[in-house]
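Descriptive structure summary
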Amino acid sequence: MTTHIRNFCIIAHIDHGKSTLADRLLEHTGTVMNRDKKEQMLDDLDLERQRGITIKARAVKMRLKRGGVEYELNLIDTPGHVDFQYEVSRSLACCEGALLLVDAFQGVEAQTVANAFAAMEHNLFIVPVINKIDLAMARPEEVAEEMMNSLGTDPEDCIRVSAKTGIGVDALIDTIIAKVPPPTGNPNATLQAMVFDSNYDDYRGAITYVRVMEGTVKKGQKIQFVRAGSVHEVVEIGQFVPQRHPCDTLSAGQVGYLICNIKSLGDVHIGDTVTIVGDKGAPALPGYARPKRMVYCGLFPSDGQEFSDLRDALERLAVNDPSFEFEPETSDALGFGFRCGFLGLLHMEIIQQRLESESNIDLVQTAPNVTYEVVNKRGETIIIHKPQDVPDPGDIDEFRQPIVRCNVIIPGEFIGAVMKLCQERRGIQKNQEYLGANRAMLTYDIPLAEVVYDLHDKIKSCTRGYGTLDYEMVGYEAADLCRMDIMVNGVRVDALSIVCNKADADRRGRAVVKKLKAEIERHMFEVAVQAAIGSRVIARETVSAMRKNVTAKCYGGDISRKRKLLQKQKEGKKRMKAVGNVEISQKAFMAVLSDGE
Ligand SMILES: Nc1nc2c(ncn2[C@@H]2O[C@H](COP(=O)(O)OP(=O)(O)OP(=O)(O)O)[C@@H](O)[C@H]2O)c(=O)[nH]1
């Protein structure tokens, strides 16, 4: 019997009030009493609270009675940020309906569109919801029209709520029950459950979040992850209410968790299917995809001694976040460290902050880069995660970079500014349409490398904060790229190499060496900073020596003593030069990102 179950999620652009609405739903269904209330109950990672963003998807069961029937409403919370799109898609696959939440003042934004299309692709029933109607600036009629133009929703169907004050929330709950279809599935069929998330508990190990599609799972059964092939015994089954609450079984249509003594999150593959060992013929559910790391950077302890501490800290983090990966890396300049892969820049920042707050390691981070493909003269395709691995120019047949399709939603008056920005970033315009009287959506294909570092910030600043960006991967395309190396006193500093467009190389080379000159402190000797492509030097700056006047104290005429001292100083300089003993600060490592603007 699944007719009393409704599985739904809330999808929205960042800050449109998803977590606040989730809190109100928990309250209006009596799932949490007023006294347990704290702001944003579903966001329980500290960082999420600090930054006001939802990182991991959660699932909560709510029970309530309507017309003498007890309903089970499962709310699956989804992350709103572009970096975590992959988790959004997994969560959608577990629902029959989605509340599409739009801020009554901000209107439709880039992620509203991206998320709504994703929900439509999963055939979810969409309940359009306009939030924040309590705001004096709210413009619900216009927003309803924008939603109609961009997403095809009927303005009559839009439910108006204030997640803050609770207005309209009861009506919304009634709509969920009336309109969202109950799940289908047979509790007596062979077990098929979709893994849509997991997290790590220090005492219980990996907690696997599942949505049962068919069949029933019971405590004590031996389950198997269909794709990974691993077998485990179920030691606890339960649902979140919103804390973990054990139960005996989970049947078709239900959402809950499994605890199976799994020691590492790496063994739980999001998107995999759970079945019972020995039950033949339960095929894997569609939708298993490995999270794609889009951005890489090197992390090095500034004190080489801390290498193993850093490894332990990274291992601890990876246990909790399988979408983050790392492998040892050695750099001539920075010594031993790790090359780390992230879903995007926000993900990178979060991991870095966690490392710094959870362990006491002083880190040097190299400039983030995207993954490239190089076809060499022998016809082999090499995947490049770090610029220093790019072969020399003579050995490259084709250099390819990832391209993403960007949707930017902006008020009409900023169209010109955003177009200019996208063109400067080598974007190719694909589309332009109006969503409402004064809102437009521009679609561009842009190299990911031009997007990851600061395109979002730049769009924000040239649209006074109103522009929003969302992107999805299109594929790899050949481009006229090259590896630019930085040499400090003639020695190539591998960690400073970057990949850039040949047409830009001279300008960037000049900008980078200038920036580095400013970041490198004066030494006792002259420091030459050069940018080069292959063996061709394209820019040079010199950090002049800080000449210590060693003879200052030698008054009078003892010329031989003066000479001796000067000689000694010269030798000192030579030795320093020979070992390339130039101190380069963390800031200098990020300087290579600068465009010279
Ligand atoms: N006035 C008003 N403010 C609201 C309402 N709903 C949410 N807010 C505020 O809007 C801001 C964003 O709300 P959140 O619930 O954190 O937004 P979110 O969509 O969950 O954000 P992410 O988790 O980062 O995706 C907060 O400051 C809320 O207090 C509302 O109905 N009225």
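Residues numbered from 1 in each chain as written. Predicted model: local features only at pLDDT ≥ 70, side-chain atom pairs only at ≥ 80, totals over all residues.

1. Focus on the overall build of the chain
Formally: Helical segments are the DSSP runs of H or I of at least four residues, strand segments are the runs of E of at least two, and each set is numbered from the N terminus. Every C-beta atom is placed from the backbone, and the number of other C-beta atoms within 10 Å of a residue's own sets its class: buried at 20 or more, exposed at 12 or fewer, partly exposed in between. Throughout, a pair of residues is in contact if the C-beta atoms placed from their backbones lie within 7 Å.
The secondary structure content of the chain amounts to 14 helices and 31 strands. Looking at the 597 residues of the chain, the share that counts as buried comes to 46%. In the chain, once contacts between residues fewer than 6 apart in sequence are set aside, the share between residues at least 24 apart is 70%.

2. Here's the deal with the nonpolar core
Put simply, the rule is: In plain words, the nonpolar core is the set of buried Ala, Val, Leu, Ile, Met, Phe, Trp, Tyr and Cys residues that C-beta atoms within 7 Å link up.
Counting residues in hydrophobic clusters, the biggest one holds 151 residues, and the most contacted among them are Ala-98, Leu-100 and Val-129. When residues no more than four places from it in sequence are discounted, the contact partners of Val-129 are Leu-99, Leu-100, Leu-101, Cys-158, Ile-159, Val-161 and Leu-172.

3. Re the sheet that holds strand E6 (residues 159-160)
Put simply, the test is: Two strands make a pair as long as DSSP finds a minimum of two bridges between them. Inter-axis angles, ranging from 0 to 180 degrees, are taken between N-to-C directions of lines fitted to C-alpha atoms, where helices are fitted over the stretch in contact.
What the 6 strands build is an open sheet, ordered E2-E3-E1-E4-E5-E6; its pairing is mixed. Strands with a single pairing partner mark the edges of an open sheet, and in this sheet they are strand E2 (58-66) and E6. As paired elements, strand E4 (residues 97-103) and strand E5 (residues 125-131) share 7 bridges and run parallel to each other. The partner of Leu-100 across the bridge, within E5, is Pro-128. Its contacts with the sheet place helix H1 (residues 18-28) against strand E1 (5-12), E2, strand E3 (69-77), E4 and E5, and it is angled at close to 150° to E1. Lying over the sheet, helix H5 (residues 140-151) contacts E4, E5 and E6, oriented at roughly 150° with respect to E5.

4. Topic: helix H12 (residues 502-519)
An α-helix turns once per 3.6 residues; consequently, residues spaced three or four apart project the same way. We apply this condition: Here, expected helix span is obtained from the residue count minus one, scaled by 1.5 Å.
End to end, H12 covers 25 Å across 18 residues, agreeing with the expected 26 Å (1.5 Å per residue, within 8%). Inspection of H12 places Ala-505, Arg-508, Gly-509, Val-512, Val-513, Lys-515 and Leu-516 among the buried residues, and these make up the whole buried set.

5. Here we look at the environment of His-385
Locating His-385 in the fold gives a position in the loop between strand E22 (381-384) and strand E23 (396-411). By C-beta crowding, His-385 is classed as partly exposed, having 18 other C-beta atoms within 10 Å. Through-space distance from the C-alpha of His-385 to that of Ile-410 is 34 Å; in sequence the pair is 25 residues apart. When sequence neighbours within four positions are dropped, the list of residues in contact with His-385 reads Tyr-296, Arg-339 and Thr-371.

6. Looking at the pairing of strand E17 (residues 295-301)
The two faces of the sheet receive side chains in turn, since in a regular strand these alternate between them. Burial analysis of E17 places 7 of its 7 residues in the buried class, which makes it a mostly covered element. As judged from the 5 bridges shared by E17 and strand E19 (residues 335-342), these two strands associate in the antiparallel manner. The residue bridging Leu-299 from the neighbouring strand is Phe-338, located in E19.

7. Regarding the domain arrangement of the chain
By a widely used convention, the size of an interface equals the accessible area lost when the partners come together. Convention followed: Domain boundaries shown here were taken from an automatic or database domain assignment.
Each assigned domain of the chain is listed here: domain 1 (5-179), domain 2 (192-276), domain 3 (295-367), domain 4 (373-479) and domain 5 (483-594). Here domain 2 and domain 3 have C-alpha centroids that lie 30 Å from each other.

8. Description of unusual backbone geometry
Here Arg-464, not a glycine, exhibits a phi torsion of approximately 50°, which is positive. With respect to the helices, strands and loops of the structure, Arg-464 is situated in the loop between helix H11 (455-462) and strand E26 (468-478). With 10 C-beta atoms packed within 10 Å, Arg-464 lands in the exposed category. Unusually for a residue other than glycine, Asn-489 sits at a positive phi of about 50°.

9. Notes on the environment of Cys-260
Here Cys-260 is to be found in the loop between strand E15 (255-259) and strand E16 (273-276). With 154 residues separating them along the chain, Cys-260 and Phe-414 place their C-alpha atoms 53 Å apart. Apart from the residues lying within four places of it in its own chain, the contact partners of Cys-260 are Thr-208, Ile-223, His-232, Glu-233, Val-234 and Val-235.

10. Digging into the confidence of the model for the chain
Quick note on the threshold: The pLDDT score gives, residue by residue, the confidence of the prediction method on a 0 to 100 scale.
Averaged over every residue, the pLDDT of the chain is 83; residues scoring 70 or more account for 84%. In the predicted structure, residues 47-57 sits below a pLDDT of 50 and forms 34 contacts with residues beyond four places in sequence or in another chain. Across residues 572-579, where pLDDT falls below 50, the model places 9 contacts with residues more than four positions away in sequence or in other chains. Confidence metrics for the complex model read pTM 0.73 and ipTM 0.96.

11. So, H1
By the criterion of burial, H1 is predominantly enclosed, with 8 of the 11 residues buried. Within H1, the full set of buried residues consists of Lys-18, Ser-19, Leu-21, Ala-22, Asp-23, Arg-24, Leu-25 and Leu-26. Buried residues along H1 sit in contact with E1, E2, E3, E4, E5 and helix H6 (169-179). Looking one or two residues beyond H1, the residue adopting positive phi is Gly-30, at roughly 70°.

12. Considerations on the sheet that holds strand E8 (residues 205-214)
Read from one edge of the open sheet, 8 strands run E11-E10-E16-E7-E8-E15-E12-E13, paired in antiparallel fashion. Edge positions in the sheet fall to strand E11 (231-233) and strand E13 (244-247), since each has one partner strand and no second. Averaged over all pairs of adjacent strands, the angle between their axes in this sheet comes to 40°, without regard to strand direction. Sheet topology note: the strand E12 (residues 236-240)/E13 ladder contains 4 bridges and is antiparallel. The residue of E13 that forms the bridge with Gly-238 is Pro-246.

13. Quick word on the UniProt feature "binding site: GTP" (unreviewed entry) in the chain
Note the cut-off: UniProt positions are given in the numbering used here, feature names are shortened, and annotations may be inferred rather than shown by experiment.
Per the UniProt record, "binding site: GTP" (unreviewed entry) is found at Asp-15, His-16, Gly-17, Lys-18, Ser-19, Thr-20, Asn-131, Lys-132, Ile-133 and Asp-134. With respect to the helices and strands, the residue Ile-133 is situated in the loop between E5 and H5. In this structure Ile-133 comes out as buried when scored by C-beta crowding, with 20 C-beta atoms within 10 Å. When near neighbours in sequence (up to four residues on either side) are disregarded, Ile-133 contacts Ala-104, Ala-138, Pro-140, Arg-160, Val-161, Ser-162 and Ile-167. Note on placement: Asp-134 falls in the loop between E5 and H5. C-beta crowding within 10 Å serves as the criterion here: with 15 such atoms nearby, Asp-134 is assigned to the partly exposed category. Beyond its immediate stretch of four places on either side in the chain, Asp-134 contacts Ser-162, Lys-164, Thr-165 and Ile-167.

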